[in-house]
Every structure is written in C-alpha cells, then in structure tokens.
Amino acid sequence: MVALPVLETPRARIRVADVTDASKMLRYRVQNRTHLSPWEPLRDTAHYTVEHCIQTIAQSRQNAQQDRGYPLMVFDRHEQAILGTFTFANIVRGAFQACHLGYGIAAPMQGQGLMREVLEVGIAWAFGELRLHRIMANYMPSNERSARLLASFGFEREGYAKRYLQIAGEWEDHVLTALVAPGG
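A short tour of the structure in this document, coming up. Predicted model only: the values in this text are computed from it and were never measured.

## Here we look at the overall build of the chain
Argument step 1. A count of helical and extended segments in the chain gives five helices and eight strands.
Argument step 2. Secondary structure of the chain in N-to-C order comes out as β-β-α-α-α-β-β-β-α-β-α-β-β.
Argument step 3. A compact globule built from 184 residues should have a C-alpha radius of gyration of about 16 Å, and the chain, at 16 Å, falls within 12% of that.
Argument step 4. Projected onto its principal axes, the C-alpha positions of the chain cover 40 × 40 × 30 Å.
Argument step 5. The buried share of the chain, reckoned over its 184 residues, is 45%.

## Some remarks on the packing of aromatic side chains
Argument step 1. Using the criterion set out here, one finds three aromatic pairs in the structure.
Argument step 2. Note on Tyr70 and Trp125: the rings are 5.2 Å apart at their centroids and 80 degrees apart in plane angle, and the pair reads as edge-to-face. Taken together, the residues span a long stretch of sequence, with Tyr70 in strand β3 (residues 70-76) and Trp125 in helix α4 (residues 114-128) at a distance of 55 residues.
Argument step 3. Consider the rings of Phe88 and Trp125, whose centres lie 6.3 Å apart with planes at 40 degrees: the pair is tilted. Linking Phe88 in strand β4 (residues 82-92) with Trp125 in helix α4, this pair joins segments that are 37 residues apart in sequence. The exposure classification of Phe88 matches that of Trp125, with both residues buried.
Argument step 4. The aromatic ring of Tyr48 is capped on one face by Arg33, whose charged end is 3.9 Å from the ring centroid.
Argument step 5. The ring of Phe153 carries Arg116 above its face, with NZ or CZ at 4.3 Å from the centroid.

## Describing the nonpolar core
Argument step 1. Phe86, Phe88, Ile135 and Phe155 are the most contacted members of the largest nonpolar core, which totals 49 residues.
Argument step 2. Top element by residues in this core is α4. It accounts for eight residues.

## Points about the pairing of strand β7 (residues 156-167)
Argument step 1. Pairing of β7 with strand β8 (residues 170-180) involves eight bridges; the strand directions are antiparallel. Bridge pairing in β8 places Tyr160 opposite Val175.
Argument step 2. Counting the residues between successive antiparallel strands, the hairpin from β7 to β8 contains two residues, one of them, Ala168, with a positive phi of roughly 50 degrees.

How each quantity is defined
- Residues numbered from 1 in each chain as written.
- Predicted model: local features only at pLDDT ≥ 70, side-chain atom pairs only at ≥ 80, totals over all residues.
- Heavy atoms only, no water.
- Helix = DSSP H or I, 4+ residues; strand = E, 2+ residues; numbered from the N terminus.
- Rg over C-alpha atoms; globule rule 2.2 N^0.38 Å.
- Buried < 20%, exposed > 50% of the residue type's maximum accessible area, 1.4 Å probe, protein only.
- Phe/Tyr/Trp six-rings, centres within 6.5 Å; stacked < 30°, edge-to-face > 60°.
- Lys NZ or Arg CZ within 6 Å of the ring centre and 35° of its normal.
- Core = buried A, V, L, I, M, F, W, Y, C linked by side-chain atoms within 4.5 Å.
- Pairing = 2+ DSSP bridges.

Below, the structure written as structure tokens:
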C-alpha cells in the first residue's frame, strides 16, 4: 500500500484532505462555485454543505487507501486555505498502470503558475511512488489554459471524443491527451 502523500512546493502543501479540512473544503467550493461551474458537472445544493464535504473526504481517503485514486488538495504553505485541487483518478493496475488526471484552481490563483508548480511535483510522485506508466488528461476544446498547461508537461494529443462528459449540464467534446512515464 502506498502511503498518503504530503508534497510540498515553494507555495503549497499538497495532501489528501482529512475531516478537519471540511470547513476549508466548503469555503473553497462556495467561493469558487461560479468560477468552476463551466468546467464541472452540475452540482446540487448538497454539494455546498459541510456534510457533503465530510462525505467527500471519507470517500477520498478510502479511494487513496485502496489505490483507486488520489484526490489531492492544494493548500497554502500554512494549510489555512485550499488553493486548488488535483486528482489521479480511475487508477488501473495490471498491464495498464494508468490513471486520469483532473484539476481545478481557485479563481484568485489563476494565471500565477501555481497549477503548473503543483502538478510538476504531483506528476513526479505519480510516476515515481505510484509507479504509473501513463497519465491521461482530457479537456474541452475551448479550455485553452488547460491545453497550454498539459502541453507544457509534454502531454500528447491522442484523440478527440464527441460528447464525452456532461459538463455544466451539456454533453461536451473533449481532447484526449496522455503523458507516458520517462523511459517508459
């Protein structure tokens, strides 16, 4: 079993949330509701409650303990606030050794290079500690920031999926990309 990570960058501490983080998670969700809504599934009002945050944290920890996914919170260095999130989800072992990457950042942190900073250590951890071979990340064609971010890491376009995910209530096309472990 892989130990739950605690990763650090010059501006952030990154880890799986625990129950004491529920109020911080709720604050992040509420403060970024409008900002993130064009890129996420529709959320019901329960999503914006501390009870739902507690359930999310419990599920996140279970997924990580079972090596099914690692939903990581990006905290400021003093862990007073959540600045963003990223998840290595849908982990498949065996001959595949792959996962999907998803991420989001707080509105005030956009354009400051923080997501690149945290994903750099996160991807290194996934290829190193998790021994993954492939990380897949998909984005809507209109999301130019994600396209540039993924390209900066060397993610390569592998396809185009019509009506791939239901985002903000609409079935949206996605560009399919992947990054293979160095030397893999």
